[in-house]
Amino acid sequence: MPPSPDLPVGAVVVIGGGTAALCAAIAARRAGASVILLDRAPPENRGGNTRHSRNLRIMHCAPSPLFPGSYDEADFHADLTKAAEGAGDEALGRLLIRRSAAVPDWLAAQGVAFQTIACGGLPWSRKTAFFLGGGTAMINTLYATATRLGIDIRHRSHVIGLSRDGAVTLADGAGGTRTVRARAVVVASGGYQANPVWLAEQWGDDAAELIVRGTPFAAGEPLRALFDLGAASVGTPGACHLVAVDGRLTEADGGIVTRVDGLDLGIAIDRDGKRFEDETTITGPTRYAQWGRRVAALPGRIAHAVWDADAVDRVPPAIVEPIRVESLEALAAFLAVPIADLAASAADSGRVTRAPFFTVPIRPGLTFTCYGVRIDDHSRVLTPDGEPLGCLFAAGMIMAPNVIGTGYLAGAALTIGAVFGRIAGEEAAEHALG
């Protein structure tokens, strides 16, 4: 089938629908460019992973209504360096940190509301600012602002190809294609966590055991298109941010409510009924990710959390109740594990002693992939020789490994999206209008 007629020309085309894309689109529009936003998701699922987020990490040198104390450049840099394990680009990391200081005011100017310390509710943090109403409220506000500014928002837009000169190819849903032509393109469509075929290139058959807890619309076609054009890569193929999630909640887009917590109150056992970690040593805000990585390393990518009658009421509430069984023997039969191994695991911990018992299956939950394209400090996509790749820019998780490698730092993903989205939008507008 021949291509359908081209769609209208925009000075800047932005691909994506989350924080990075919206910040890029709004920044480009405020810089004077006409903007078309192409989002693969339908309107009811717009927002990418931001819908499941609630805060972003911000450098600040003094207390404010949003933060107690200070979190200066040295503090942020130390945390970022540790998370990236030395794999981050130093100059881009410094750029992220310094530009983060302006993010709350810039987002507030777009209508986004933040939760102040005086409001109570979510725990305050000297490192992160919380959105009033969470990530969904922020997304709704940014879409309203984009609409008011005259940005042409097109949902259900499936981008399958790119060119160096600004042509963006979309599937038309009927076996053909259509084209949007731009003077500059910002790719802010995330990674490929919702692409099982691509994941299987590194994970093999085990890719099927990864539960996609983020947006199901990040299938990676724009990222693959950038690589096909010769973009330099950054990060590690197959590397992912993994979190321990309830294995019963297998549909994509589950977000934060699927996490399994309270493992230090009971035991975690593998598919043979044996403990594989000292549960009490994995605590703190990174515990979800630590458990996600450990479960991903197990045979079958499966584990089970077990609590007894004394502990279950202290386990943080979850969206689905744990499964209750009346005896250790019944639990062993239910989990299909040897009773001798389960009994030894329970006795060894000293925390699983009194019936009834409660259990939850645990799987690795995939939030985002850690493989993307290399950029410069103008958010331009680069070739392996360090040259700009035509009129293509990138922002958000598609370029996040530049600053955080394959690591994770709470609140940093949205900061990366906001900072580099704004940079990409302003730079793309300058390129398009110059």
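Heads up: the structure comes first, above all this text.
Just so it is clear, the model here is predicted, and its values are computed rather than measured.

A. Main features of the overall build of the protein. Within the protein, the regular secondary structure consists of 12 helices and 16 strands. Taken over the C-alpha trace, the protein has a radius of gyration of 23 Å; the compact-globule value for 434 residues is 22 Å, and the two agree within 12%. Taken along the three principal axes of its C-alpha coordinates, the protein extends 70 × 55 × 40 Å. Counting only residues that meet the buried cut, the protein has 54% of its 434 residues in that class. Taking the intrachain contacts of the protein between residues at least 6 apart in sequence as the baseline, contacts between residues at least 24 apart amount to 75%. As displayed, the protein offers around 17,300 Å² of accessible surface, 52% of which is attributable to carbon and sulfur atoms.

B. The arrangement of the pairing of strand β14 (residues 357-373) in detail. Where burial is concerned, most of β14 is hidden: 17 out of the 17 residues are buried. Alignment of strand β9 (residues 211-212) against β14, held across 2 bridges, turns out to be parallel. Pairing of V212 across the sheet is with L366, part of β14. In this sheet, β14 lies alongside strand β10 (residues 233-246) in antiparallel orientation, the contact comprising 10 bridges. Of the residues in β14, the one forming a bridge with V243 is G365. As paired elements, strand β12 (residues 303-307) and β14 share 5 bridges and run antiparallel to each other. Paired with H304 across the two strands is P361, which belongs to β14. Pairing geometry for strand β13 (residues 323-325) and β14, over 3 bridges, is antiparallel. For V325, the partnering residue across the bridge sits in β14 and is F357.

C. Up close: the pattern of salt bridges. Here the structure, examined in full by the defined rule, presents 24 salt bridges. Between R156 and E44 there is a salt bridge, with its nearest N and O atoms 3.9 Å apart. In this pair, R156 sits in the loop between β5 (152-154) and β6 (158-162) while E44 sits in the loop between β2 (35-38) and β3 (55-57), placing the two residues 112 residues apart along the sequence. Given a relative accessible area of 56%, E44 falls into the exposed group. Among the salt bridges present, the one from R380 reaches D376, with a minimum N-O distance of 2.7 Å. The class for R380 is partly exposed, based on a relative accessible area of 29%. The network of salt bridges with shared partners includes E73, E90, R94 and R98.

D. Fine view of the packing of helix α1 (residues 19-30) against helix α12 (residues 412-433). At a minimum axis distance of 7 Å, the contact between α1 and α12 shows a crossing angle of 30°. Judged on the interaxial angle alone, α12 and α1 are roughly parallel. The handedness of the crossing between α1 and α12 comes out as right-handed. Residue-level contacts link T19, A20, C23, A24, A27 and A28 of α1 to L414, G417, A418, G421, R422, G425, E426 and A429 of α12. Across the contact of α1 with α12, the residue classes tally to 8 nonpolar, 4 polar and 2 charged.

E. A nonpolar patch on the surface, seen in detail. Together, I256, V257 and I319 give the surface a local cluster of nonpolar side chains, amounting to about 250 Å² of exposed area. Structurally, I319 can be placed in the loop between β12 and β13. Judged by its relative accessible area of 59%, I319 falls in the exposed class.

F. Seen up close, the side chain of T215. Position of T215 among the secondary structure elements: in the loop between β9 and α7 (221-228). A relative accessible area of 8% places T215 in the buried class. Polar side-chain contacts of T215 include one of 3.1 Å to the backbone nitrogen of F217. Other than its neighbours up to four places away in sequence, T215 contacts G48, N49, Q193, A194 and D253.

G. Fine view of the nonpolar core. Core analysis: the largest hydrophobic core is formed by 101 residues, its most contacted members being V12, L107, V168 and F420. One finds F276, W291, A305 and V360 within the second-largest nonpolar core, a separate group that totals 19 residues.

H. Spotlight on helix α5 (residues 134-148). For α5, with 15 residues, the first-to-last C-alpha span of 22 Å sits near the 21 Å given by 1.5 Å per residue. Within α5, the full set of buried residues consists of G134, G135, M138, I139, L142, Y143, T145 and A146. The secondary structure elements touched by the buried residues of α5 are α1, β2, α4 (103-109) and β5. Of the residues one or two after α5, G150 is the one with positive phi, at around 90°.

I. Quick peek at the pairing of strand β16 (residues 388-394). With 5 of its 7 residues buried, β16 lies for the most part within the structure. For strand β8 (residues 177-187) and β16, the ladder comprises 3 bridges, and the chain directions are parallel. Note that in β16 the partner of V187 across the bridge is A394. Of the pairings in the sheet, the one linking strand β15 (residues 380-382) to β16 comprises 2 bridges and is antiparallel in character. Of the residues in β16, the one forming a bridge with R380 is F393. Hairpin geometry of β15 and β16 is characterised by an intervening segment of 5 residues between the two adjacent antiparallel strands and by a positive phi of about 85° at G386.

J. Representation of the environment of V197. Looking at where V197 falls in the secondary structure, it is placed in helix α6 (residues 196-203). For V197, a relative accessible area of 62% gives the class exposed.

K. Fine view of the packing of aromatic side chains. The full count for this structure, using the stated rule, is 6 aromatic pairs. When the centroid spacing of 4.0 Å and the interplanar angle of 15° are considered together, the rings of Y192 and W198 count as stacked. As far as the burial class goes, Y192 and W198 line up, both buried. Between F368 and Y408, the aromatic rings sit 6.3 Å apart at their centres with planes inclined by 40°, giving tilted as the arrangement. Here the residue F368 occupies a position in strand β14, and Y408 occupies one in the loop between α11 (401-404) and α12, the gap between them amounting to 40 residues. Residue classification places F368 among the buried residues on the basis of a relative accessible area of 7%. Against the face of W198 rests R224, its NZ or CZ located 3.8 Å from the ring centre. Over the ring of Y288 we find R259, and its NZ or CZ is 3.7 Å from the ring centre.

What counts, and at which threshold
Note that residues are indexed from 1 along each chain, following the sequence as it is written. Side-chain atom pairs in this predicted model are given and counted only at pLDDT of 80 or more, local residue features only at pLDDT of at least 70, and totals for whole chains, interfaces and linings cover all residues. The side-chain figures draw on all heavy atoms in the structure; neither hydrogens nor water molecules are used. Per the convention used, a helix needs a DSSP run of H or I reaching at least four residues, while a strand needs a run of E reaching at least two, with both numbered from the N terminus. With the radius of gyration taken over C-alpha atoms, the globule rule is written as 2.2 Å times the number of residues to the power 0.38. Only protein chains enter the accessibility calculation, which uses a 1.4 Å probe; a residue is then buried when its area is under 20% of its type maximum, exposed when over 50%, and partly exposed in between. Any pair of residues with heavy atoms lying within 4.5 Å of one another is described as a contacting pair. Computed with the Shrake-Rupley method and a 1.4 Å probe, the accessible areas treat only the protein chains shown as cover for residues. We treat two strands as partners when DSSP finds at least two bridges between them. Salt bridge, as used here, is a side-chain nitrogen of Lys or Arg placed within 4 Å of a carboxyl oxygen of Asp or Glu. Only the stretch in contact is used when a helix axis is fitted, and all axes are lines through C-alpha atoms; the angle between N-to-C directions ranges over 0 to 180 degrees. An angle below 35 degrees is treated as roughly parallel, one above 145 as roughly antiparallel, one from 65 to 115 as roughly perpendicular, and anything else as oblique. Left-handed describes a crossing whose near helix is turned anticlockwise from the far helix through less than a right angle; right-handed describes the clockwise counterpart. Amino acids are sorted into nonpolar (Ala, Val, Leu, Ile, Met, Phe, Trp, Tyr, Cys and Pro), charged (Asp, Glu, Lys and Arg) and polar (every other residue, Gly among them). Nonpolar side chains (Val, Leu, Ile, Met, Phe, Trp, Tyr) within 5 Å and like charges within 9 Å form the patches, drawn only from residues with over 30% relative accessible area and no salt bridge. We call two N or O atoms a polar contact when they sit within 3.5 Å, provided that within protein one can donate a hydrogen and the other can accept it, with sequence-adjacent residues counted only if both atoms are side-chain atoms. The criterion is simple. A nonpolar core is a set of buried Ala, Val, Leu, Ile, Met, Phe, Trp, Tyr and Cys residues joined through side-chain atoms within 4.5 Å. Given the number of residues in a helix, its expected span is that number minus one, multiplied by 1.5 Å. Centres within 6.5 Å are what make two rings of Phe, Tyr or Trp a pair, Trp counting through its six-membered ring; a difference in plane orientation under 30 degrees is then read as stacked, over 60 as edge-to-face, and the rest as tilted. A ring is considered to have a charge above it if a Lys NZ or an Arg CZ atom is located within 6 Å of its centre and within 35 degrees of its normal.

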